[in-house]
Amino acid sequence: MNYIDTHTHIDGEEFKDDLDMVVQRAKESGATKLFVPGINLGSVDTVRAVCDKYPGYCYGMIGLHPEDVKADYKEVIEKMRSVSYPYIAIGEVGLDFYWSREYEKEQLAAFEMQVEWSVESGLPLMIHCRKAQNEMVRIMRRYEGRLHGGVFHCFTGNEHEAEELLAFEGFVLGIGGVLTFKKSNLPQTLPAVVPLSRVVLETDSPYMAPVPHRGERNESSMIPHIIEKMAEAYGVTADEVADITTDNVRRIFPLAF
């Protein structure tokens, strides 16, 4: 069974002491590719370093994460836009009003700048959204018909929210460890309104490890637990989940193939 982790922060400090072992475990568990999102200017170098270390296996993205948006967001994004590297997507970008709305206006403007960047570059988006779906959808609708698809990362919402996001053609939902949590509604929500053709797998490692590893550092080798739970929810085999989600990744991220 082979699969792709579309969202792992293995360029982070949490993996600096055993990165080779983490990648080896991922390969042994069936991961054929790992996608590494950027979050700020510092991650431009760390993402590149990881992808250069594991060419043809790790693929990078570039973007300014909403939690890293400050007053200097325009300057930061312009610096990112000047970087020359074979990135496969613009991300991780989006809106996050969970902790604070201190930089709400800046987040909205930074997200729109990066949506425009995606439109102009032809690259898909890797979108982070927390407590801000209405605002995010409002911005994206301005660019409908010009978007190049992407992933709504770490989807944990209800049926209505899923349907609203999937109205954007070419976009899929990124599903990770939350699917396996005891109180998660995803095992019911997903098969009710989300076809498997609109789902990709992710870890968001080192965060949100799936059961039975909840609370531990997450890594790509744990995705089989997510696949098993997804297969159970959809009433299909684990191999079908792995194959269909891999086909979805190939459709959205052609530069990784």
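Above: the structure in question.
Residues numbered from 1 in each chain as written. Predicted model: local features only at pLDDT ≥ 70, side-chain atom pairs only at ≥ 80, totals over all residues. Heavy atoms only, no water.

Novice: So what's going on with the nonpolar core? Residues and values would help.
Specialist: Core analysis: the biggest nonpolar cluster contains 72 residues, and Ile10 and Leu173 have the highest contact counts within it. Apart from the residues lying within four places of it in its own chain, the contact partners of Leu173 are Val151, Phe152, Phe155, Ala162, Leu165, Leu166, Leu190, Val194, Arg198, Val199 and Val200. Membership of the second largest hydrophobic core comes to 14 residues, among which are Ile4, Phe35, Met61 and Ala256. (Core = buried A, V, L, I, M, F, W, Y, C linked by side-chain atoms within 4.5 Å. Buried < 20%, exposed > 50% of the residue type's maximum accessible area, 1.4 Å probe, protein only. Contact = heavy atoms within 4.5 Å.)

Novice: Mind laying out the sheet that holds strand S6 (residues 150-152), listing which residues take part and the relevant values?
Specialist: The parallel open sheet is built from eight strands, whose spatial order is S1-S2-S3-S4-S5-S6-S7-S8. Of all the strands in the sheet, the pair left with one neighbour each is strand S1 (3-5) and strand S8 (199-201). Each neighbouring strand pair of the sheet contributes to a mean axis angle of 30 degrees, computed without reference to strand direction. Relative to S8, strand S7 (residues 171-175) runs parallel, the two being bridged by three bridges. Residue pairing across strands places Gly174 opposite Val200, the latter belonging to S8. Against the sheet, helix H4 (residues 104-121) engages strand S3 (58-62), strand S4 (89-96) and strand S5 (125-130), with an angle of about 155 degrees to S4. (Pairing = 2+ DSSP bridges. Helix = DSSP H or I, 4+ residues; strand = E, 2+ residues; numbered from the N terminus. Axes fitted to C-alpha atoms, helices over the stretch in contact; angles between N-to-C directions.)

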